[in-house]
Amino acid sequence: MTAPKIYELAGKRIFVAGHRGMVGSAIVRHLEAVGHAVLSAPRAALDLRRQERVEQWFDAHRPDVVVLAAGKVGGIGANTSQPVEFLLDNLLIEANVIGAAHKFGAEKLLFLGSSCIYPKFAAQPIQESALLSGPLEPTNQWYAIAKIAGLKLAEAFRVEHGCDFISVMPTNLYGPGDNFEPASAHVLPALLRRAHEAAEAGVEKLVVWGSGAPQREMMYVDDLADACVFLLERYSGASFLNVGSGEEFTIADLARKAAAVAGFTGDIAFDTTKPDGTPRKRLDTSALAALGWRPRTPFDEGLARTYAWFRANRATLRA
Ligand code: GFB
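Everything in this summary refers to the structure shown in the same document. (Residues numbered from 1 in each chain as written. Predicted model: local features only at pLDDT ≥ 70, side-chain atom pairs only at ≥ 80, totals over all residues. Heavy atoms only, no water.)

1. Some details on the overall build of the protein chain
Alright, step 1. Across its full length, the protein chain carries 10 helices and 11 strands.
Alright, step 2. Computed over the C-alpha atoms, the radius of gyration of the protein chain is 19 Å, within 12% of the 20 Å expected from 2.2 N^0.38 for a compact globule of 319 residues.
Alright, step 3. Taking all 319 residues of the protein chain together, 51% fall into the buried category.
Alright, step 4. Considering only contacts within the protein chain whose residues lie at least 6 apart along the sequence, 81% involve residues at least 24 apart.
Alright, step 5. Here the protein chain has roughly 13900 Å² of accessible surface; of this, 53% comes from carbon and sulfur atoms.
Alright, step 6. The distance from the centre of the 34 positive side-chain charges to the centre of the 35 negative ones in the protein chain is 2 Å. (Helix = DSSP H or I, 4+ residues; strand = E, 2+ residues; numbered from the N terminus. Rg over C-alpha atoms; globule rule 2.2 N^0.38 Å. Buried < 20%, exposed > 50% of the residue type's maximum accessible area, 1.4 Å probe, protein only. Contact = heavy atoms within 4.5 Å. Areas by Shrake-Rupley, 256 points an atom, 1.4 Å probe, with all protein chains shown as cover. Lys, Arg positive; Asp, Glu negative; His and termini not counted. Charge placed at Lys NZ, Arg CZ, Asp CG, Glu CD.)

If you want it as structure tokens, here you go:
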């Protein structure tokens, strides 16, 4: 059974913060596809890390609905090399946007977190109740702490001021609009690009970071966007909700799949001087499933679409 609609988005002023990113742009696409107009603010015009500017923008535009998809994001390499930006930029953005949403009367806010908020060795699949039950994975602790602060801030506004602010914790995401920059990308776009370039150059070996043994649950970003819109309309609760696909692969499997789609036929090698990160982080999504939402895009279909996007946009991507 599907949870009833409890909030009407039609006619509302909807602000998607982070509309240029993979997640924000998917949410904008999804909202526009079902007929909603979306407000956005170009980064050059609004630096979300600056409270005064954020408050001026909210005062001028008065959004009814705020989707907070903005933030400093990246794969294991970027997380490890820029701890200050992953912690500070995300804390500032969350504090400013969530605070302004309350101050300027937003009716609804959706905060996007990440599955890295959970302890490194959480029992699998990970239930929402595992939050703060053990030590974090060191490679992305900075990002995790910022995301935990964000979801707690949204919850605090609900507790103290009765705000209808909700949070979702997505599993590892991929899709069109992803970051394909080798040093800062997440694993799938990094491997797709490397496999493509190796195939093109006739290189014999595809090097994969780490042991290849960690597992990652992979979710197509348009499915996350669908879940976010579903929850804006049908969920209001203090507990954040996991969003996952149930499709889990080892890094070695992902490398084989990336190689296959990109036409790379050489050997796959593992560079164990690079970190493995969290061994596994499959999400328990029974709370979301109980509301009637299910993911739609099988991994192989999402992978083909993502690779097609990469090929079509390659000329515009940074080396
Ligand atoms: O997507 P990813 O960078 O981040 O994946 P996490 C890291 C895993 O993929 C590790 C392996 O096991 C890496 O050893 N890997 C193999 C590679 N080759 C590569 C490669 O070329 N590039 C990358 N990046 N990884 C993320 C957090 O953790 O989880 C984010 O860093 C966010 O902040 C996200 O929270 C959900 O899955 O480890």
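2. Observations regarding the packing of aromatic side chains
Pairs of aromatic rings are described using the distance from one ring centre to the other and the angle between the two planes.
Alright, step 1. The full count for this structure, using the stated rule, is 12 aromatic pairs.
Alright, step 2. Judged by centre distance (5.7 Å) and plane angle (75°), the rings of tryptophan 57 and phenylalanine 58 are edge-to-face.
Alright, step 3. With 6.4 Å between their ring centres and 45° between their planes, tyrosine 118 and phenylalanine 240 make a pair best called tilted. One end of the pair, tyrosine 118, is in the loop between β4 (108-112) and α5 (141-161); the other, phenylalanine 240, is in the loop between α7 (221-234) and β9 (241-243), and 122 residues separate them in sequence.
Alright, step 4. Accessibility expressed as a relative area gives 3% for tyrosine 118, which makes it buried.
Alright, step 5. Each residue in the set Tyr174, Tyr220, Phe249 and Phe299 is aromatic and connected to the rest through ring pairs, giving one cluster. (Phe/Tyr/Trp six-rings, centres within 6.5 Å; stacked < 30°, edge-to-face > 60°.)

3. Some words on the site of the ligand
Alright, step 1. Taken together, 24 residues lie near the ligand, and Ile76, Arg194, Arg216, Pro275 and Asp276 sit nearest.
Alright, step 2. In the environment of the ligand, an oxygen atom lies 3.4 Å from a nitrogen or oxygen atom belonging to the backbone of glycine 74.
Alright, step 3. Serine 114 has a polar side-chain atom sitting 2.8 Å from an oxygen atom of the ligand.
Alright, step 4. Relative to its unbound accessible surface of 710 Å², the ligand loses 97% to contact with the protein.
Alright, step 5. Of all the secondary-structure elements, those providing two or more residues to the shell around the ligand are α3 (76-81), α6 (187-201) and β7 (205-209).
Alright, step 6. Per-element accounting of the shell around the ligand gives the leading share, 4 residues, to α6. (Near = heavy atom within 4 Å. Polar contact = N/O pair within 3.5 Å; in protein donor to acceptor, adjacent residues only side chain to side chain.)

4. A closer look at helix α4 (residues 83-103)
Alright, step 1. Counted at 1.5 Å a residue, the expected span for α4 with its 21 residues is 30 Å, and the 30 Å between its end C-alpha atoms agrees.
Alright, step 2. Residues of α4 that are buried include every one of Phe86, Asp89, Asn90, Ile93, Glu94, Asn96, Val97, Ile98, Gly99, Ala100 and Ala101, and no others.
Alright, step 3. Residues of α4 that are buried sit in contact with α2 (51-61), β3 (65-68), α3, β4, α5 and β5 (164-170).
Alright, step 4. At the exit of α4 stands glycine 105, carrying a positive phi of roughly 80°. (Expected span 1.5 Å × (residues − 1).)

5. A short note on the sheet that holds strand β10 (residues 248-250)
Alright, step 1. The mixed open sheet is built from 3 strands, whose spatial order is β6-β8-β10. Where the open sheet ends on each side, the last strands, each with one partner, are β6 (172-174) and β10. Averaged over all adjacent pairs, the angle separating strand axes in this sheet is 45°, with direction ignored.
Alright, step 2. For strand β8 (residues 215-220) and β10, the ladder comprises 3 bridges, and the chain directions are antiparallel. Residue pairing across strands places arginine 216 opposite phenylalanine 249, the latter belonging to β10. (Pairing = 2+ DSSP bridges. Axes fitted to C-alpha atoms, helices over the stretch in contact; angles between N-to-C directions.)

6. Quick notes on unusual backbone geometry
Alright, step 1. Cis geometry is found at the peptide bond from glutamine 124 to proline 125, where omega equals -15°.
Alright, step 2. Position of proline 125 relative to the elements: it lies in the loop between β4 and α5.
Alright, step 3. Notably, arginine 62 is not glycine yet its phi reads approximately 45°, a positive angle.

7. Side note on the pattern of salt bridges
Alright, step 1. Following the criterion strictly, the structure yields 23 salt bridges and no others.
Alright, step 2. Salt-bridge contacts for aspartate 47 lead to arginine 49; the nearest nitrogen and oxygen are separated by 3.1 Å.
Alright, step 3. The exposure class of aspartate 47 is partly exposed, given its relative accessible area of 23%.
Alright, step 4. We classify arginine 49 as partly exposed; its relative accessible area is 37%.
Alright, step 5. Across the pair aspartate 89 and arginine 49 runs a salt bridge, and its minimum N-O distance is 3.4 Å. (Salt bridge = Lys/Arg side-chain N within 4 Å of Asp/Glu carboxyl O.)

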